[in-house]
Amino acid sequence: MSQLHSAMALPVVVVALAFTLGAVLVTWLDRGHAALLRARWVLGAGLIAQVVLGAIVYRGGARPTEMLHLLYGLAVLGVLPLASSFAAEAPPRARSGVMLVAGLVVMLLVWRLLSTG
């Protein structure tokens, strides 16, 4: 299970990068906002899957090299819901801008997760 958790890290990084680049385009072009909000669910699902796999690995006895890994793993789960609630009433372009910032935060947290794993 530990190997699966490690193997899934790269696809999550790729999805986070694609989401963030998509958010840049949507914010800049001021169109495609609905697609960006749907893509948020894909990224969220990948993050949840990684956290669940990580919990299974942790329960199985394997521990990360740094315990901060656990904190970052929990923090990354809150970024997208927090950003979504923060921008719920905002106009589409501003909402996409918030998703852009959320994508950057997710990418930073995922980078830290990779370095503390």
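Nothing here was measured: the structure is a model prediction, and the numbers come from that model.

### Things to note about helix 3 (residues 33–59)
Phase 1: Compared with an ideal rise of 1.5 Å per residue, which puts 27 residues at 39 Å, helix 3 spans 39 Å between its outermost C-alpha atoms and is within 8% of the ideal.
Phase 2: Buried within helix 3 are the following residues: His33, Leu36, Leu37, Arg40, Leu43, Gly44, Gly46, Leu47, Gln50, Leu53, Gly54 and Val57.
Phase 3: Phi turns positive one or two residues past the end of helix 3, at Gly61, with a value near 110°.

### Topic: the side chain of His69
Phase 1: Following the sequence through the fold, His69 ends up in helix 4 (residues 68–86).
Phase 2: Judged by relative accessible area, His69 falls into the buried class, the value being 16%.
Phase 3: Excluding its chain neighbours within four sequence positions, the residues that come into contact with His69 are His5, Pro64, Leu113, Thr116 and Gly117.

### Section: the environment of Ala87
Phase 1: Secondary-structure assignment places Ala87 in the loop between helix 4 and helix 5 (92–116).
Phase 2: According to the relative accessible area criterion, Ala87 is buried, its value standing at 1%.

### Regarding the packing of helix 4 against helix 5
Phase 1: In contact at an axis separation of 9 Å, helix 4 and helix 5 are set at 175° when each is read in the N-to-C sense. Here helix 4 lies roughly antiparallel to helix 5, going by the angle between them. Here Leu68, His69, Tyr72, Gly73, Ala75, Val76, Val79, Leu80, Ala83, Ser84 and Phe86 of helix 4 come into contact with helix 5, specifically with Val98, Met99, Ala102, Val105, Val106, Leu109, Val110, Arg112, Leu113 and Thr116.

### Digging into the confidence of the model for the protein
Phase 1: Taken over all residues, the pLDDT of the protein has a mean of 92, while the share at 70 or more is 100%.
Phase 2: Element-level pLDDT for the protein is lowest in helix 1 (residues 2–7), with a mean of 86, against a maximum mean of 94 in helix 4.

How each quantity is defined
Residues numbered from 1 in each chain as written. Predicted model: local features only at pLDDT ≥ 70, side-chain atom pairs only at ≥ 80, totals over all residues. Heavy atoms only, no water. Helix = DSSP H or I, 4+ residues; strand = E, 2+ residues; numbered from the N terminus. Expected span 1.5 Å × (residues − 1). Buried < 20%, exposed > 50% of the residue type's maximum accessible area, 1.4 Å probe, protein only. Contact = heavy atoms within 4.5 Å. Axes fitted to C-alpha atoms, helices over the stretch in contact; angles between N-to-C directions. Parallel < 35°, antiparallel > 145°, perpendicular 65-115°, else oblique. pLDDT = per-residue confidence, 0-100.

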